[in-house]
Amino acid sequence: MTGGSGRKGVGMIRGIVFDKDGTLFDFRASWGLWAKGFIAGLARDAGHARRLADAIGYLPETNGFAPDSPVIAATAVDIAAALLPHVDGYTQDSLTEAIDTAAAGVPMSEAVPLVPLFTALRGRGLKLGIATNDSEVPARAHLERHGLTGLVDFIAGWDSGHGAKPAPGMCLAFAATTGLDPAQVLMVGDSLHDLDAGRAAGMRPVAVLTGIAREGDLAPHAEVVLPDIGALPAWLDDQSA
């Protein structure tokens with residue numbers, strides 16, 4: 001676990017906005033399953049499946065993703081744009097809709113037990129939100145399935161009207177919704193898109209390693225790099241020590 005500026009004073013932290021995929025949910029276990037199934041449904045044969053996988057940076061041998069895969073931090077529109085030249089019978093809109101429909105039904109693998117963690121964070125008086133580059137409908141389906149909808153104060157996807165990360169719109173909307181100064185809020189995520197969005201909003205960026213990015217890539221952009229969001233309570237306690 002590494003730290004950046006390490007500003008003290010947990011009393012300054014009044015809210016946390018979380019990324020979803022790679023932060024709440026283990027990225028490879030969750031989205032690797034989606035990619036495998038979605039490609040299988042589109043592919044005409046093994047060669048076509050390979051081309052589709054290459055188009056979105058999916059690595060079927062490891063169930064992982066290339067660092068520049070649009071699945072990691074981009075939107076369903078971006079994923080559809082990458083796939084569209086390789087499929088027949090779809091428009092950009094219909095392929096995006098198919099991606100969202102498939103994504104909503106994919107079982108997500110929790111990075112840590114989420115309900116106990118979110119309950120404990122709310123018990124500290126913190127406002128909690130979700131800002132994801134996933135579309136809002138599948139995002140809400142994932143959160144509802146894992147019992148989180150009632151434990152958060154804000155949920156936004158790229159299509160909720162605030163823009164997509166790394167732009168700060170979703171983070172600023174969380175602050176406005178909860179009445180918090182962005183400087184009182186942590187933005188917690190697994191990608192540079194998350195950290196850049198939080199910093200652009202004036203929030204304190206915190207990185208976790210349950211996505212694809214490595215610690216060395218994230219550390220220069222984060223106040224701290226944690227193994228997963230389960231380490232947040234201890235880190236918050238350390239800030240007040």
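Note that the structure is a prediction, hence the values are computed from the model and not measured.

Undergrad: Before we go on, may I ask you to explain the nonpolar core in this structure?
TA: A general feature of soluble globular proteins is that nonpolar side chains tend to end up buried together. Counting 56 residues, the largest nonpolar core has Phe-18, Leu-24, Trp-34, Phe-118, Ile-229 and Leu-232 as its most contacted members. With seven residues, helix H1 (residues 27-42) is the largest single contributor of residues to this core. Residues contacting Phe-118, with those up to four places away along its chain left out, are Phe-18, Leu-24, Leu-128, Ile-130, Leu-148, Leu-151 and Val-152. In terms of nonpolar packing, the next biggest core, distinct from the first, is built from 15 residues, Ala-156, Val-185, Met-187 and Ala-197 among them.

Undergrad: I would appreciate a short explanation of the side chain of Thr-178 in the present structure.
TA: Tracing the chain through its elements places Thr-178 in helix H8 (residues 169-178). Judged by relative accessible area, Thr-178 falls into the buried class, the value being 15%. Not counting the four nearest positions on each side in its chain, Thr-178 is found in contact with Lys-127 and Asp-153.

Undergrad: Just to check I follow, could you spell out unusual backbone geometry for this structure?
TA: Backbone torsion omega between Lys-165 and Pro-166 reads 20 degrees, so that peptide bond is classified as cis. The topology assignment puts Pro-166 in the loop between strand E6 (154-156) and H8. For Asn-63, which is not a glycine, the phi torsion comes out positive at approximately 60 degrees. Following the sequence through the fold, Asn-63 ends up in the loop between strand E3 (58-59) and strand E4 (64-65).

Undergrad: Would you mind going over the side chain of Ser-69 with me for this structure?
TA: Residue position: Ser-69 is located in the loop between E4 and helix H3 (70-73). You can call Ser-69 buried: its relative accessible area is 5%. The residues contacting Ser-69, other than those within four sequence positions of it, are Ile-56 and Gly-57.

Undergrad: Sorry, what's going on with the packing of helix H5 (residues 92-104) against helix H7 (residues 136-145) here?
TA: In the contact formed by H5 and H7, the axes pass within 8 Å of each other and the chain directions differ by 0 degrees. With respect to their mutual orientation, H5 and H7 come out roughly parallel. Residues Asp-100, Ala-103 and Ala-104 of H5 lie in contact with H7, whose contacting residues are Pro-138, Ala-141, His-142 and Arg-145. Grouping the constituent residues of the contact of H5 with H7 by class yields four nonpolar, one polar and two charged.

Undergrad: I tried to follow H7 on my own but got confused; where do I start?
TA: Because an α-helix packs 3.6 residues into every turn, residues spaced three or four apart end up facing the same way. When we look at burial in H7, the residues that qualify are Pro-138, Ala-139, His-142 and Leu-143. Each buried residue of H7 sits inside an arc of 135 degrees when the element is viewed along its axis, so together they form one side. Looking at H7, the residues exposed on the side facing more than 90 degrees away from the buried face are Val-137 and Glu-144. Lining the buried residues of H7 we find H1, H5, strand E5 (127-131) and E6.

Each value, and the rule that gives it
Residues numbered from 1 in each chain as written. Predicted model: local features only at pLDDT ≥ 70, side-chain atom pairs only at ≥ 80, totals over all residues. Heavy atoms only, no water. Core = buried A, V, L, I, M, F, W, Y, C linked by side-chain atoms within 4.5 Å. Buried < 20%, exposed > 50% of the residue type's maximum accessible area, 1.4 Å probe, protein only. Helix = DSSP H or I, 4+ residues; strand = E, 2+ residues; numbered from the N terminus. Contact = heavy atoms within 4.5 Å. Axes fitted to C-alpha atoms, helices over the stretch in contact; angles between N-to-C directions. Parallel < 35°, antiparallel > 145°, perpendicular 65-115°, else oblique. Nonpolar A, V, L, I, M, F, W, Y, C, P; charged D, E, K, R; others polar. Arc of directions from axis to C-beta.

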